[in-house]
Amino acid sequence: MTAAAIASQEILKPHLTVAGGHSLGGTIRVSGAKNSALVLMTASLLTADTLELCNVPDLTDIGGMSEILASLGVKVERQADRVRLNAAVLSSSEPPYELVNSLRASFFSIGPLLGRLGHAKVPLPGGCRIGARPVVEHIRGLKALGAVIQVEHGIIHANVPGPNKRLKGASIILDCPSVGATETILMAAVLAEGTSTIENVAQEPEVQDLANLLNRMGARVSGAGSPVITVEGVESLHGCLDYPVIPDRIEAGTFLMAAAITRSRLRVEPVVPEHLNAVLQKLRDCGCHLDIDATGITITPKEITAVDITTQPFPGFPTDLQAPFMALMTTARGTSVITERIYENRMQHVGELQRMGASIRVDGNTAIVEGVFRLSAAPVKGSDLRASAAMVLAGLAADGTSKVSGLQHLDRGYDDIEAKLNGVGAVISRQAS
Ligand code: EPZ
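Residues numbered from 1 in each chain as written. Predicted model: local features only at pLDDT ≥ 70, side-chain atom pairs only at ≥ 80, totals over all residues. Heavy atoms only, no water.

### Here we look at the overall build of the protein
Part 1 of the reasoning: A count of helical and extended segments in the protein gives 15 helices and 23 strands.
Part 2 of the reasoning: Computed over its C-alpha atoms, the radius of gyration of the protein comes to 22 Å, within 12% of the 22 Å expected for a compact globule of 433 residues.
Part 3 of the reasoning: For the C-alpha atoms alone, the extent of the protein along its principal axes is close to 70 × 50 × 40 Å.
Part 4 of the reasoning: Counting contacts in the protein only where the partners sit at least 6 residues apart, residues at least 24 apart contribute 73% of the total.
Part 5 of the reasoning: Per element, the accessible surface of the protein, about 16200 Å² overall, is 50% carbon and sulfur.
Part 6 of the reasoning: Side chains of the protein give 38 positive and 43 negative charges; the mean places of these two sets differ by 2 Å. (Helix = DSSP H or I, 4+ residues; strand = E, 2+ residues; numbered from the N terminus. Rg over C-alpha atoms; globule rule 2.2 N^0.38 Å. Contact = heavy atoms within 4.5 Å. Areas by Shrake-Rupley, 256 points an atom, 1.4 Å probe, with all protein chains shown as cover. Lys, Arg positive; Asp, Glu negative; His and termini not counted. Charge placed at Lys NZ, Arg CZ, Asp CG, Glu CD.)

Below, the structure written as C-alpha cells:
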C-alpha cells in the first residue's frame, strides 16, 4: 500500500485539521507537568493519610494512573485540577499488566509499594516506539535496599525479607541518570531503616518536585537537583494537602516553539525559567528575543537561523523537545544538526516532516536539517507524544491545511492543545473521523 494510501487511511481516524499561516498572539497557559503529576500520584502509596495535588493536568495518562492506583485500593477523587488520593487500605500490590504496559510511570509504584508494604508484584513495562526503555537501574537500586527480586513471565516479584519487612538504607551509584529509576529508588528509600545515598541521579525538575513533596510528607531528602541525593529513612510519612504540581516545562517549550515557527510574539505562562535554560539558550541562539519575568516568558522571533542541538539529561537539552525543535529548524535559514543521545529510536517524526517538504537526512541518531522556505500542508501522523506535537507545530507554519492523526499520543501529554492554541490565534479543529 502506498504511503499516501496509508496516510489517507490514517486520516479516517480522529485527527486535527491545522490551518497554516495564522500568526499567534496574546498569552497561552501552561498546565501542570505530566511527568511530575504522575509520579507524585504514586507517592500516595507511602502513607495512610490523604494526599491532595493541585495544578494537575487533564490528560488521559492521569486517568490511567488513577485507574491503576484504584486497582491497588487507593481512593482517588479528581475534581478540576485537583486529585485527592488515600491509600489507607491497600487491597493489592499487583497493578494489572494491561494498565502498567500502557503507562510506564505506573511501574515506578514498585518503589513505594516495597517501602510501605514490603512486597510488590509489578509487570515489567514494555518498551515503546522510541526505545527499549529497560528498568535495570530501578531493580539494581531496589536490590541494594534489600529487596529480593525475581522476574517470571514478565512480572517482577519483589519482597523484603526479615521480620519487619523493612528496606535498609544503602549506597547506590546509578549506571545512568535515569529519571524513573531515581524516582523509584527515592520513594523506596524514604521509609527504609537508615540512610541512603544515591549517586549519578537524574536532576530533572520533576525529580526535585517529588523530593519536595516527600519532604512535605515528613521525609528527609536532600540533594535533589544535584548528582547525589541523600535520604534519611523515617518510620512513616503523613499526608499533604494542596500540593501544587510544577508547570510543565515540555509543554511550555512546545508553545515557545509554536511562536517561533509561526514568527509570532507570544507570552507563555506560567514557566519556571530555570527548568528550561538549555532550551531558552537555543531559542536565543536561533534568533528569538526572550523577555523573562517571575511568572512567564514573552518570545519575539526575529529571523530564525539554524542551530545544532544534542539531547542530554537535565540540565542539558531535553529529549522531549527534540521533535518540536526539529520542526522549528525545518524552516530556519541554514543547516542544523540534531543529535538524539537519550533514546535509540526517536527520529520517527523525520519521515512525516519530509512529507511536508522538509529537507532532512538521518544518519543513525543524527538528523541533518536543511531549512526550506515554507513547509507544505499534508496528512501526517504523530508516532509518539512529542512527535505528534511536532506535527501540530509544522502544520501551524505550513502552506495549506494539514491533518494530524495519532491523537491518542498527543492527548497523553498535552491538555487541550487545540483550545489553547486557538485561544491565541491558531485555527485548529478536532475531527472525529
Ligand atoms: C522519563 O522517562 C519521562 N517520562 C520521559 O518522558 C522522558 O523522555 C525521560 O524521563 C527522559 O527525560 C516520565 O517521567 C513518565 P529514563 P523514563 O529512565 O524515566 C535509559 C514524555 O514524552 N535507561 O530517564 O522512563 C533508557 O533506555 C516521556 O513525556 C537505561 O538504559 O526515562 C533511555 O534511553 C517520554 N537503563 C534513557 O535511559 C535503565 O535502567 C532515559 O530513560 C533506565 C533507563
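### Quick look at the sheet that holds strand β4 (residues 75-79)
Part 1 of the reasoning: The 4 strands are arranged β4-β5-β3-β13 in an open sheet whose pairing can be described as mixed. Of all strands in the sheet, those with a lone pairing partner are β4 and β13 (240-244), marking the two edges. Going from strand to strand, the sheet's axes swing by 15 degrees on average, the running direction of each strand aside.
Part 2 of the reasoning: Direction of pairing for strand β3 (residues 50-54) relative to β13: parallel, over a ladder of 3 bridges. Bridge assignment links Leu53 to a residue of β13, and that residue is Tyr243.
Part 3 of the reasoning: The strands touched by helix α3 (residues 60-71) within the sheet are β4 and β5 (82-86), with β4 carrying the most contacts at an inclination of about 155 degrees. (Pairing = 2+ DSSP bridges. Axes fitted to C-alpha atoms, helices over the stretch in contact; angles between N-to-C directions.)

### Section: the domain arrangement of the protein
Part 1 of the reasoning: According to the domain assignment, the protein consists of domain 1 (3-31 + 247-431) and domain 2 (34-244).
Part 2 of the reasoning: Measuring from the centre of the C-alpha atoms in domain 1 to the corresponding centre in domain 2 gives 31 Å.
Part 3 of the reasoning: Across the contact, 23 residues belong to domain 1 and 21 residues belong to domain 2.
Part 4 of the reasoning: Of the roughly 1800 Å² buried at the junction of domain 1 and domain 2 (both faces included), carbon and sulfur atoms supply 48%.
Part 5 of the reasoning: Interface area lost by domain 1 to domain 2 is led by Phe314, Tyr343 and Arg412, which between them contribute 32%.
Part 6 of the reasoning: Our count for the contact surface shared by domain 1 and domain 2 stands at 2 salt bridges.
Part 7 of the reasoning: Across the pair Asp61 and Arg412 runs a salt bridge whose closest N-O atoms are separated by 2.8 Å.
Part 8 of the reasoning: Counting across the domain 1 and domain 2 interface gives 10 residue pairs in polar contact (both at pLDDT 80 or more).
Part 9 of the reasoning: Those elements that provide at least two residues to the side of domain 1 that touches domain 2 are α13 (385-397) and α14 (407-413).
Part 10 of the reasoning: If you tally residues by element for the side of domain 1 that touches domain 2, the top one is α14, at 3 residues.
Part 11 of the reasoning: Across the side of domain 1 that touches domain 2, the residue classes tally to 6 nonpolar, 6 polar and 11 charged. (Domains from an automatic or database assignment. Buried area = accessible area lost by both parts, 1.4 Å probe. Salt bridge = Lys/Arg side-chain N within 4 Å of Asp/Glu carboxyl O. Polar contact = N/O pair within 3.5 Å; in protein donor to acceptor, adjacent residues only side chain to side chain. Nonpolar A, V, L, I, M, F, W, Y, C, P; charged D, E, K, R; others polar.)

### Notes on unusual backbone geometry
Part 1 of the reasoning: At the junction of Glu269 and Pro270, the peptide bond is cis and its omega measures out at -5 degrees in the coordinates.
Part 2 of the reasoning: Following Phe314, the chain continues into Pro315 via a peptide bond in cis, with omega recorded as 10 degrees.
Part 3 of the reasoning: One can find Pro315 in the loop between β17 (309-310) and α11 (322-329).
Part 4 of the reasoning: Even without being glycine, His153 reaches a positive phi, approximately 55 degrees.

### Let's talk about the site of the ligand
Part 1 of the reasoning: Taken together, 22 residues surround the ligand, and among them Arg104, Ser178, Gly180, Asp320 and Ile342 come closest.
Part 2 of the reasoning: At a separation of 3.1 Å, an oxygen atom of the ligand approaches a polar side-chain atom of Lys34.
Part 3 of the reasoning: A distance of 3.1 Å separates an oxygen atom of the ligand from a polar atom in the backbone of Val136.
Part 4 of the reasoning: Isolated, the ligand exposes 830 Å² of accessible area, and the fraction of that covered by the protein chains is 87%.
Part 5 of the reasoning: The set of elements that each furnish at least two residues to the shell around the ligand consists of α2 (34-42), α6 (136-144), α7 (179-189) and α13.
Part 6 of the reasoning: Among the elements that line the shell around the ligand, the one with the most residues is α6, at 3 residues.
Part 7 of the reasoning: Each of domain 1 (3-31 + 247-431) and domain 2 (34-244) accounts for three or more of the residues forming the shell around the ligand. (Near = heavy atom within 4 Å.)

### Looking at the packing of aromatic side chains
Part 1 of the reasoning: Tallied over the full model, the rule gives 1 aromatic pair.
Part 2 of the reasoning: Here the aromatic rings of Phe317 and Phe325 are separated by 5.5 Å at their centres, their planes lie at 70 degrees, and the arrangement is edge-to-face. (Phe/Tyr/Trp six-rings, centres within 6.5 Å; stacked < 30°, edge-to-face > 60°.)

### Overview of the pairing of strand β10 (residues 195-199)
Part 1 of the reasoning: Side-chain alternation along β10 places Ser196 and Ile198 on a buried face and Thr195, Thr197 and Glu199 on a face that remains uncovered.
Part 2 of the reasoning: Sheet topology places strand β9 (residues 171-173) next to β10; 3 bridges connect them, and they run parallel. Following the sheet pairing, Ile173 is matched in β10 by Glu199.
Part 3 of the reasoning: With α7 bridging β9 and the parallel β10, this β-α-β connection has right-handed handedness.
Part 4 of the reasoning: Across 5 bridges, the pairing between β10 and strand β12 (residues 228-232) is antiparallel. Paired with Ile198 across the bridge in β12 is Ile229. (Buried < 20%, exposed > 50% of the residue type's maximum accessible area, 1.4 Å probe, protein only. Right-handed = clockwise from strand over helix to strand, strands pointing away.)

### Digging into the pattern of salt bridges
Part 1 of the reasoning: Evaluation of the coordinates by the stated rule reveals 22 salt bridges.
Part 2 of the reasoning: Measuring nitrogen to oxygen at the nearest pair gives 3.3 Å for the salt bridge that ties Arg84 to Glu52. Placement of the pair is Arg84 in strand β5 and Glu52 in strand β3, with a sequence separation of 32 residues.
Part 3 of the reasoning: Given the relative accessible area of 33%, Arg84 is considered partly exposed.
Part 4 of the reasoning: Three or more residues are tied together by salt bridges with common partners; here these are Glu52, Arg82, Arg84 and Asp242.

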